[in-house]
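Single-letter residue listing:
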Amino acid sequence: MNKEKIKKYWFDFLKDKNPLDYPLGDLTIFGGDPDRLAKLVYNGTKTATSSAYDLYEPTEYMPEVGDYNIILDGQENPICITKTLVTEVIPFNLVSAEHAYHEGEDSRTLAEWRQVHEDFFTKEYQEAGKEFTTDMPCLCEVFERVY
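These numbers come from a predicted model, not from an experiment.

**Considering the sheet that holds strand β4 (residues 78–91)**
- As summarised here, the arrangement of the five strands in space is β1-β3-β4-β5-β2, forming an open sheet in which the pairing is mixed. With partners counted over all chains shown, the strands left at the sheet margins are β1 (24–28) and β2 (48–52), one partner each. The average undirected angle you get between the axes of adjacent strands in this sheet is 35°.
- Pairing between β2 and strand β5 (residues 137–145): five bridges, direction antiparallel. What sits directly across from Ser50, in β5, is Cys140.
- Together, β1, β3 (68–72) and β4 form the strand contacts of helix α1 (residues 3–14), whose direction differs from that of β4 by roughly 85°.
- The strands touched by helix α2 (residues 34–42) within the sheet are β3, β4 and β5, with β4 carrying the most contacts at an inclination of about 95°.

**Comments concerning the nonpolar core**
- Core analysis: the largest hydrophobic core is formed by 17 residues, its most contacted members being Trp10, Phe13, Val41, Ile70, Ile71 and Ile81.
- Mapped onto this core, the elements with two or more residues apiece are α1, α2, β3 and β4.
- In terms of residues, this core owes the most to one element, α1, which gives five residues.
- The residues touching Phe13, leaving out its near neighbours within four places in the chain, are Tyr22, Tyr68, Ile81, Val146 and Tyr147.
- With 13 residues, the next largest nonpolar core counts Leu55, Val95, Tyr125 and Cys140 among its residues.

**A word on the packing of aromatic side chains**
- Across all of its chains, the model carries eleven aromatic pairs by this definition.
- Consider the rings of Phe92 and Phe132, whose centres lie 5.1 Å apart with planes at 90°: the pair is edge-to-face. You can see Phe92 sitting in the loop between β4 and α3 (97–102) and its partner Phe132 sitting in the loop between α4 (110–127) and β5, a full 40 residues away along the chain.
- By relative accessible area, Phe92 is classed as buried at 3%.

Calculation rules
- Residues numbered from 1 in each chain as written.
- Predicted model: local features only at pLDDT ≥ 70, side-chain atom pairs only at ≥ 80, totals over all residues.
- Heavy atoms only, no water.
- Pairing = 2+ DSSP bridges.
- Helix = DSSP H or I, 4+ residues; strand = E, 2+ residues; numbered from the N terminus.
- Axes fitted to C-alpha atoms, helices over the stretch in contact; angles between N-to-C directions.
- Contact = heavy atoms within 4.5 Å.
- Core = buried A, V, L, I, M, F, W, Y, C linked by side-chain atoms within 4.5 Å.
- Buried < 20%, exposed > 50% of the residue type's maximum accessible area, 1.4 Å probe, protein only.
- Phe/Tyr/Trp six-rings, centres within 6.5 Å; stacked < 30°, edge-to-face > 60°.

Geometry only, nothing functional implied.
Written out as structure tokens, the structure is:
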């Protein structure tokens, strides 16, 4: 990871801003297809994401409302910066069609979201030695691109 390139990107964003008003949350590389997903965020199509809430480690960053996150592509280059607007924990089987639409992927339907995310979360759970269930908690995040 080129930390100097990422630092420069962050400080270019902060130019003419009070850094205390812009808490840096995390460096985000999306799972699955990070280049495609970062591009969807950049062009404003993807304004939401979800993750397996109970797979977070106690010391791992968890998105919080008001945080700013640097979105990286698959080669760890900064693509854009987002601000987290909403976070909520929702069972997988209760994630809304609206949230699926705002994730901005493929057909943007709930049916496709469920299929793609069930496959993705099943693999993540297996790697953690756990079993995916349709009532597993998802951390759903809504954000906006600000830079």
